[in-house]
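# Structural features, examined
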Amino acid sequence: MYWSRFLSLHALWVTVSSMMQHYPSVWGHYDVCKTQIYTEEGKVWDYMACQPEARDMIKYVKVTLDPPDITCGDPPETFCAMGNPYMCNNECDASTQELAHPPELMFDLEGRHPSTFWQSTTWKDYPKPLHVNITLSWNKTIELTDNIVITFESGRPDQMILEKSLDYGRTWQPYQYYATDCLDAFHMDPKSVRDLSQHTVLEIICTEEYSTGYMTNSKIIHFEIKDRFAFFAGPRLHNMASLYGQLDTTKKLRDFFTITDLRIRLLRPATGEIYVDEQHLARYFYAISDIRVYGRCKCNLHATGCKEENKRLLCECEHNTTGPDCGKCKKNYQGRPWSPGSYLPIPKGTANICIPSISSIGNPPKFDRIWPNISSLEVSKPNQANVCDNELLHCQNGGTCINNVRCQCPPAYTGILCEKLKCERDPGGCGQNSGQGARAHRPLVLLTALLAAAGLCTW
C-alpha cells in the first residue's frame, strides 16, 4: 500500500517538475524567455525577462595595435630574458614562426610549456616614451560578468590605463589607472577596490597593487568586476537578487559594467627601478601572454541566445523584438513603445514584450499607435486580424483567443494579450489579493490539488 502511494507521489512529482522545469531559481538566472504554464483555463504563455549565458568573449574579439608597427620582429632584434634582465641574447623575428610574437598570441589556447605571447619592440628610442594602445573590439554591446585579467610575460608595466567605450570606440572613458607611483604618474592617491563601497563603486581609481617589475610571480593585472558586484550581492555573491535589483534601478551602475570596446594603454614598461638603464634598453618592452574577458551579449533582457553571423555577434531576439541588441520592436509589433526587460520582480522579472500594432489588426488608421485594451476596439475587418493565436501570441493569464481578433480576459486582467492587471490602473495599486500573488503560486496550488486527488494530502 505504501509502495503504491510512493509510486503515485513520484509520478505526480515528475509531472509537476516537468511543468516547472523552465522556472528560474529563486535568485533568477533569466535563462528562459517564455514558457507554457497550466492554469485553470488551460495552457498559456508566461513571458519572462531573459538574457544569454556568460561566455569567454575573447573568442569573438578583434584586436588592433597603435602604432601598427609596434610588434617586435620586423626588423629582427634581440631582447633580454624574462627572468634575467642582463641575459640579452633572445631574438624576435617576425619571419620565423618559432621566433615571432604576433598579436594573436595574446589570445591563443596554450599549455604551461611553452608559453606564447605578443611582444612589442624594445625601448630602443628612449627617452622617447614607449607608448602602445591595444584595442579590443566586439562590434557588439557586452555586459561584463567576471574580472578582466591581463597576464604579462614581461614585467607588469610601471604605468598603464584601462579604458572602455560604450559607442564602438568613438569616445573613451577610463576604467582604472595602474602605476608604481599613482601620485607621480597620474596625480591620484593610490586606492584599491577594497577602499570602495556601494556609494563609491563607480569611482575611477589608481592602484599600485599590480605594478611591480621583474618578479616571476607578479605577471597578472586585474580589473575587479566581482569585487564590485560583492558590494551588492555579498562577499560570495550569494545575494544575486540584490545585485539584479540595483542593476535594474540604477542606470549608471549597469552602464559601468557595459562595454563595446576595451583599450589597454601601455605608457611605461617595467623598469624594476627608478632610473632607466640606458646601456641596456633591450631590457624594456611589453609582452602579454593572455587576456581574459568574460561577459554576455547585451540583449536588453529579450534573448537567451547570441550568435555569430558574418563575424558579428547578434542577439537571437524574442518578445517580438529585433535589432543587434533587441533594441526595438519588430514590424507590426509597435503597439506600445519599446522597453527593455526588467530583472524585477525577482525571480522572473518583467518581459515588456512588444505587442501588435493597431495597423496590423485591420483598423482603418495606417499608422501605429498605442491601444491599451483590445476590448475597446471596434475591429471592422475580423478576417484580417491577427491579435492572438495558439503559438507566439497566446492570450496570457488565462485569457481566451476569440477568432484571432481579441483576447477575452479574466476579470482581474486587461490589455491586448491580458498581460496587465486591472488594479495597476487604480490609485491604490495592486494589493496582495490582486491576482498577481495567486498567479505566482499556481504551481504549488496545482501540486496540492494533484496530491489531494490521489489521497496523499490531508491538509
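In short, a report on the structure. (Residues numbered from 1 in each chain as written. Predicted model: local features only at pLDDT ≥ 70, side-chain atom pairs only at ≥ 80, totals over all residues. Heavy atoms only, no water.)

## Remarks on the overall build of the chain
Summing up its helical and strand segments, the chain has seven helices and 24 strands in all. By residue count, 47% of the 459 residues in the chain fall in the buried class. Within the chain, counting contacts between residues at least 6 apart in sequence, those at least 24 apart form 63% of the total. Summed over its atoms, the accessible surface of the chain is roughly 23900 Å², and 52% of this surface lies on carbon and sulfur atoms. (Helix = DSSP H or I, 4+ residues; strand = E, 2+ residues; numbered from the N terminus. Buried < 20%, exposed > 50% of the residue type's maximum accessible area, 1.4 Å probe, protein only. Contact = heavy atoms within 4.5 Å. Areas by Shrake-Rupley, 256 points an atom, 1.4 Å probe, with all protein chains shown as cover.)

## Quick notes on helix α4 (residues 240–249)
Inspection of α4 places M240, L243, Y244, G245 and L247 among the buried residues, and these make up the whole buried set. On its buried face, α4 is in contact with α3 (225–233) and α5 (251–256).

## Concerning unusual backbone geometry
The omega angle of the peptide bond from D66 to P67 is 0°, so this bond is cis rather than trans. Among the secondary structure elements, P67 is positioned in the loop between β4 (62–66) and β5 (77–79). Note that the residue after Y126, namely P127, is joined by a cis bond; omega there is 15°. Here P127 lies in the loop between β7 (118–119) and β8 (132–144).

## Section: the state of the cysteines
Evaluated as defined, the whole model comprises eight disulfides. A sulfur-sulfur separation of 2.0 Å characterises the disulfide bridge that pairs C299 with C315. Sign of the S-S torsion, about -90° for the bond between C299 and C315, identifies this disulfide as left-handed. On the criterion of sequence distance, the pair formed by C299 in the loop between β16 (294–297) and β17 (305–309) and C315 in strand β18 (residues 312–316) is long-range, its members being 16 residues apart. Judged by its relative accessible area of 3%, C299 is buried. Look at C315 and you get buried, because its relative accessible area is 7%. Residue pairing for C329: its cysteine sulfur links by disulfide to C354, the two sulfurs lying 2.0 Å apart. Judged by the sign of its S-S torsion, about -75°, the cystine formed by C329 and C354 is left-handed. (Disulfide = S-S within 2.5 Å.)

## Section: the environment of N90
Following the sequence through the fold, N90 ends up in strand β6 (residues 90–92). When the C-alpha atoms of N90 and A282 are compared, they prove to be 9.9 Å apart, with 192 residues separating the residues in sequence. Non-local contacts of N90, meaning those with residues more than four positions away in its chain, are made with E77, T78, F79, C80 and A81.

## Looking at the sheet that holds strand β9 (residues 148–152)
Spatially, the four strands line up as an open sheet ordered β7-β15-β9-β13, and their pairing is antiparallel. Looking at strand neighbours, the two that pair on one side only are β7 and β13 (220–223), the edges of this open sheet. In this sheet, strand β15 (residues 287–292) lies alongside β7 in antiparallel orientation, the contact comprising two bridges. Each bridged residue has a counterpart across the sheet, and for Q119 the counterpart in β15 is A287. (Pairing = 2+ DSSP bridges.)

## Some details on the packing of aromatic side chains
According to the stated counting rule, one finds 13 aromatic pairs in the structure shown. When the ring of Y177 is compared with that of F186, the centres are 4.8 Å apart and the planes differ by 55°; the resulting orientation is tilted. For the pair shown, Y177 and F186 are each scored as buried. Members of the aromatic cluster, each reached through a chain of ring pairs, are Y175, F223, F229, F256 and F257. Stacked on the ring of W45, the Lys or Arg K34 has its end atom at 5.1 Å from the ring centre. Positioned above the aromatic ring of W172 is the side chain of R263, whose terminal nitrogen or guanidinium carbon lies 4.3 Å from the ring centre. (Phe/Tyr/Trp six-rings, centres within 6.5 Å; stacked < 30°, edge-to-face > 60°. Lys NZ or Arg CZ within 6 Å of the ring centre and 35° of its normal.)

## Quick notes on the pattern of salt bridges
Counted under the stated rule, the structure contains 16 salt bridges. The shortest N-O distance in the salt bridge between D325 and K140 comes to 2.5 Å. Within this pair, whereas D325 is found in the loop between β19 (321–322) and β20 (328–329), its partner K140 is found in strand β8, the two being separated by 185 residues in sequence. For the pair formed by D325 and K140, the shared burial category is buried. The partner of R268 in a salt bridge is D158, and the shortest N-O contact between them spans 3.5 Å. One end of the pair, R268, is in strand β14 (residues 258–268); the other, D158, is in the loop between β9 and β10 (159–165), with 110 residues separating them in the sequence. Look at D158 and you get buried, because its relative accessible area is 5%. A single network of salt bridges, built from pairs that share partners, joins E163, R263 and R265. (Salt bridge = Lys/Arg side-chain N within 4 Å of Asp/Glu carboxyl O.)

## Comments concerning the environment of I161
Mapped onto the fold, I161 is located in strand β10. Sequence separation of I161 and P174 is 13 residues, and the distance between their C-alpha atoms is 7.0 Å.

## What about the pairing of β10?
Counting buried positions along β10 gives seven out of seven residues, so the element sits mostly inside the fold. Taking every second residue as pointing to the same face, both faces of β10 are buried, with Q159, I161, E163 and S165 on one and M160, L162 and K164 on the other. Two elements, β10 and strand β11 (residues 173–179), share six bridges in a ladder whose sense is antiparallel. Looking at the pairing, Q159 lines up with A179 of β11. Pairing of β10 with β14, which is carried by seven bridges, proceeds in the antiparallel orientation. Counterpart to E163 in the pairing with β14 is R263.

Interpretation note: all reported values are geometric properties and have no functional meaning in isolation.
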